[in-house]
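Report on the structure
In case you want the letters, here they are:
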Amino acid sequence: MIDFSKDTVFKLSPCKPKDIAPTVQPIIIPGEEIISSFKAVRDFVVFTNKRLIAVNVQGMTGKKKDFTSLPYNRIQAFSIETAGTFDLDAELDLWFSGLGNVRLEFRGSDIRAIGQLIATHTL
């Protein structure tokens, strides 16, 4: 899902954490809680109290999944861009130590709340 060799954009919309919880529950560690989740067509991103988990659903049946775990403690910097009048998408840029930049694009989401979540766990 995330190509670390270039800036990557995903158009994500809010979804209910309970809808995606069964998929990520096997990799959730004790004390970790899902805070919010966002879905593209088949792929999705989960924000927990410890990390961001990007899930790439692969193949025609969707049984194969790639889970990318991005811990908040590896974030060196981040940037949020709010939606505008004509540009309705909001963006989150994350710079990870040893990894580079990851960009996520959100539709219909409160990007400020996401920025506060990232700030709470990185500052």
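Calculation notes
Residues numbered from 1 in each chain as written. Predicted model: local features only at pLDDT ≥ 70, side-chain atom pairs only at ≥ 80, totals over all residues. Heavy atoms only, no water. Helix = DSSP H or I, 4+ residues; strand = E, 2+ residues; numbered from the N terminus. Contact = heavy atoms within 4.5 Å. Areas by Shrake-Rupley, 256 points an atom, 1.4 Å probe, with all protein chains shown as cover. Buried < 20%, exposed > 50% of the residue type's maximum accessible area, 1.4 Å probe, protein only. Pairing = 2+ DSSP bridges. Salt bridge = Lys/Arg side-chain N within 4 Å of Asp/Glu carboxyl O. Core = buried A, V, L, I, M, F, W, Y, C linked by side-chain atoms within 4.5 Å. Phe/Tyr/Trp six-rings, centres within 6.5 Å; stacked < 30°, edge-to-face > 60°.

1. Describing the overall build of the protein chain
Broken down by element type, the protein chain carries 2 helices and 8 strands. Secondary structure elements of the protein chain occur, N-terminal to C-terminal, as β-α-β-β-β-β-β-β-β-α. Counting contacts in the protein chain only where the partners sit at least 6 residues apart, residues at least 24 apart contribute 40% of the total. Counting every atom, the protein chain has about 7,000 Å² of accessible surface; 52% of that belongs to carbon and sulfur.

2. Remarks on the pairing of strand β4 (residues 51-58)
Counting buried positions along β4 gives 7 out of 8 residues, so the element sits mostly inside the fold. By the bridge criterion, 4 bridges tie strand β3 (residues 44-48) to β4 in an arrangement that is antiparallel. If you follow V45 over to β4, its bridge partner there is A54. Inspection of the sheet shows β4 paired to strand β5 (residues 64-71) by 8 bridges, in the antiparallel sense. In the sheet register, R51 faces β5, and the bridge partner there is P71.

3. Some thoughts on the pattern of salt bridges
The final tally for this structure, using the stated rule, is 6 salt bridges. Note that R51 and E32 form a salt bridge whose closest N and O atoms lie 2.7 Å from each other. Here R51, found in strand β4, pairs with E32, found in the loop between α1 (17-24) and β2 (34-39); they are 19 residues apart in sequence, far enough to count as distant. On the basis of relative accessible area, R51 is assigned to the buried category, the value being 13%. Its relative accessible area of 7% is what places E32 among the buried residues. Two residues, R103 and D93, come together in a salt bridge whose shortest N-O distance is 2.9 Å.

4. A short note on the nonpolar core
If you look at the biggest cluster of nonpolar residues, it comprises 20 residues, and the most contacted ones within it are F47, L52, L92, L104, F106 and I114. Among the secondary structure elements, those contributing two or more residues to this core are β3, β4, β7 (89-96), β8 (100-107) and α2 (111-122). Apart from residues no more than four positions distant in its own chain, I114 is found in contact with F38, F47, L92 and F106. Counting 8 residues, the second largest nonpolar core, distinct from the first, contains I20, V24, F44 and I53.

5. Section: the packing of aromatic side chains
Evaluated as defined, the whole model comprises 2 aromatic pairs. Ring centres of F38 and F47 lie 5.9 Å apart, and the angle between their planes is 85°; on these two criteria the pair is classed as edge-to-face. Grouping residues by exposure puts F38 and F47 together as buried. Taking 5.0 Å as the distance between ring centres and 80° as the angle between the ring planes, the aromatic pair formed by F38 and F106 counts as edge-to-face. In this pair, F38 is assigned in strand β2 and F106 in strand β8, connecting sequence segments 68 residues apart. On the basis of relative accessible area, F38 is assigned to the buried category, the value being 6%. Judged by its relative accessible area of 1%, F106 falls in the buried class. An aromatic cluster of three or more residues is present, and its members are F38, F47 and F106.

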